[in-house]
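Read off the chains here:
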Amino acid sequence: MTELAYLVDLPSAYVRTFRARVTALPPGSVVLDRTFFYPTGGGQPCDHGTLRSDDRNALEVIDVVKSGPAVMHRVHGDAQRVRSLEVGSEVEGTIDWPRRYRHMRLHTAQHLASARIFARAGLRTRRANLAGAGATIDLEGPLSADVAAAVGDDVRAAVERPEAVTVRWVPRAEWDAHPAAGRSGLVPLPPQVDPVRVVEIDASDVCPCGGTHLRSTGEIGEVDWLPLVLLSAGATRVTFRLKDPELPTPTG
Ligand SMILES: [Zn+2]
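Note that this is a predicted model, so its numbers are computed, not measured. (Residues numbered from 1 in each chain as written. Predicted model: local features only at pLDDT ≥ 70, side-chain atom pairs only at ≥ 80, totals over all residues. Heavy atoms only, no water.)

Caption draft 1: Quick look at the overall build of the chain. Summing up its helical and strand segments, the chain has four helices and 15 strands in all. Its C-alpha atoms give the chain a radius of gyration of 19 Å, near enough to 18 Å, the size a compact globule of 252 residues would have. Expressed along its principal axes, the backbone C-alpha trace of the chain runs to roughly 60 × 40 × 40 Å. Among the 252 residues that make up the chain, the fraction classed as buried is 47%. Here the chain carries 29 positive and 31 negative side-chain charges, and the mean point of each set is 3 Å from the other. (Helix = DSSP H or I, 4+ residues; strand = E, 2+ residues; numbered from the N terminus. Rg over C-alpha atoms; globule rule 2.2 N^0.38 Å. Buried < 20%, exposed > 50% of the residue type's maximum accessible area, 1.4 Å probe, protein only. Lys, Arg positive; Asp, Glu negative; His and termini not counted. Charge placed at Lys NZ, Arg CZ, Asp CG, Glu CD.)

Pasting the structure below:
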C-alpha cells in the first residue's frame, strides 16, 4: 500500500522532493511506502520526475499509475540500474515541477470555470481533461458564446483579485447534504468514498476532487479561450490554454 502524500492537504501539492522507502519492485516499476507523484486519474495526467538511491543512480519516472492500493512508478532505464534498488532501501523522489505546476494551474482554472458555468448557465461538467498546456471541459448541454465570454471574464477577475484555495476532509453524510454537491453531481462519487476530499475556492467553488491544485487563483496566470466545440447530443466542449506555460512559481 502506498500513502498518497500529495492528497493530505493543499500545501502537499507544492512538495517537489521527498524521501520514501521501496516496498516492491515489480518488473520496470518501483512501489514506495509513500509518494508525492500524482498517478494518472480524474482527467489529470501523472507526474514525471526521478527516483534516486544515490548520486550515481537516478531512475527516470515516465509513468505513474494506481494499481489497487499501490502506486506504480514506471521507470525508464536499464534493468541493471532498476535491480540495484532493494526492497526496504530509501530513495529520494523529485517531481518534474514545470510539468506538475502546469497541471495545477490548469486544474484550478478548470474548477473555477466549471463553477462559473454552473452558476451562470446551470450546466454541469461531464468530464475535464488536462494535457500539455491546455484543458478541455465537456458540459452536459449547450453553452452560448456570450456566457462563455462572461466565464472567461470571471476567471480573469479571480486571477487579478486572487482567491484562496483550500482542501478539507468532510464526512460523506455532510457532503451529500451540502448545497454545493449539485455542481459536481453529474458524476456520482463511489459509495465507499468517506470522508470526501473537498477543494474549495474561497467564494467561488466547492467540489470533491483528488487532484493537485494551486493555493491561490492568482497563480493561474493569463488564459486563452478557444472557440466552443459542439459535441453530440447538444453537449459543448470548452477549451483553454495557458498563455505562458512556464510561468515561475511564486515563493511563499
Ligand atoms: Zn480538482
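And the narrative resumes.
Caption draft 2: A look at the sheet that holds strand S8 (residues 90-95). One closed barrel holds the six strands; their spatial order is S2-S3-S7-S6-S5-S8, and the pairing between them is antiparallel. On average, each strand axis in the sheet is tilted by 45° relative to the strand beside it, whichever way the strands run. Bridge count between strand S5 (residues 49-54) and strand S6 (residues 57-67): five bridges; the pairing is antiparallel. Following the sheet pairing, threonine 50 is matched in S6 by glutamate 60. (Pairing = 2+ DSSP bridges. Axes fitted to C-alpha atoms, helices over the stretch in contact; angles between N-to-C directions.)

Caption draft 3: Quick look at the coordination of the zinc ion. Bound to the zinc ion on the protein side are His107 (NE2), His111 (NE2), Cys209 (SG) and His213 (NE2), at distances that span 2.0 to 2.1 Å. In this structure, the zinc ion is surrounded by four donor atoms whose angles at the metal cover 99 to 123°, and the resulting shape is tetrahedral. The motif formed by the donor residues of the zinc ion, counted along the single chain, is H-x3-H-x97-C-x3-H. One end of the pair, histidine 107, and the other, histidine 111, are both in helix H2 (residues 97-121), four residues apart, so they sit about a helical turn from each other. A relative accessible area of 3% places histidine 107 in the buried class. Judged by relative accessible area, histidine 111 falls into the buried class, the value being 2%. (Donors = N, O, S within 2.8 Å, 3.2 Å for Na, K, Ca; no water. Tetrahedral: all angles 85-135°; square planar, octahedral: opposite > 155°, others 65-115°.)

Caption draft 4: Quick peek at the packing of aromatic side chains. This structure, assessed with the given rule, holds six aromatic pairs. Summarising the aromatic geometry, the rings of phenylalanine 18 and phenylalanine 37 are spaced 6.0 Å apart at their centres and angled 70° between planes, so their arrangement reads as edge-to-face. In this pair, phenylalanine 18 is assigned in strand S2 (residues 17-24) and phenylalanine 37 in the loop between strand S4 (34-35) and S5, connecting sequence segments 19 residues apart. Judged by relative accessible area, which is 5%, phenylalanine 18 ranks as buried. Relative to phenylalanine 240, the ring of tryptophan 225 lies with its centre 5.2 Å away and its plane at 45°, an arrangement referred to as tilted. One end of the pair, tryptophan 225, is in strand S14 (residues 223-230); the other, phenylalanine 240, is in strand S15 (residues 236-242), with 15 residues separating them in the sequence. Since its relative accessible area comes to 27%, tryptophan 225 is described here as partly exposed. (Phe/Tyr/Trp six-rings, centres within 6.5 Å; stacked < 30°, edge-to-face > 60°.)

Caption draft 5: Just the environment of arginine 120, in detail. Position of arginine 120 relative to the elements: it lies in helix H2. Distance from arginine 120 to valine 151, taken between C-alpha atoms, is 8.0 Å for residues 31 residues apart in sequence. With near-sequence residues (within four places) excluded, arginine 120 lies in contact with Val147, Ala150, Val151 and Asp154. A polar contact is formed between the side chain of arginine 120 and the side chain of aspartate 154, at a distance of 2.7 Å. (Contact = heavy atoms within 4.5 Å. Polar contact = N/O pair within 3.5 Å; in protein donor to acceptor, adjacent residues only side chain to side chain.)

Caption draft 6: Structural detail: the sheet that holds S15. Ordered by their spatial adjacency, four strands build an open sheet running S9-S10-S15-S14, and the pairing between neighbours is antiparallel. Where the open sheet ends on each side, the last strands, each with one partner, are strand S9 (125-131) and S14. The sheet shows a mean angle of 15° between the axes of neighbouring strands, direction not considered. In the sheet, S14 pairs with S15 via six bridges, with the strands oriented antiparallel. Along S15, the bridge assignment pairs valine 229 with arginine 237. On the sheet, H2 packs against S9, strand S10 (134-139), S14 and S15 and is oriented at approximately 140° with respect to S15.

Caption draft 7: Seen up close, the environment of isoleucine 62. Assignment of secondary structure puts isoleucine 62 in strand S6. Relative accessible area serves as the criterion here: at 29%, isoleucine 62 is assigned to the partly exposed category. For the pair formed by isoleucine 62 and arginine 102, sequence separation is 40 residues and the distance between their alpha carbons is 17 Å. With residues near it in sequence (within four places) discarded, isoleucine 62 still touches His48, Arg74, Val75 and His76.

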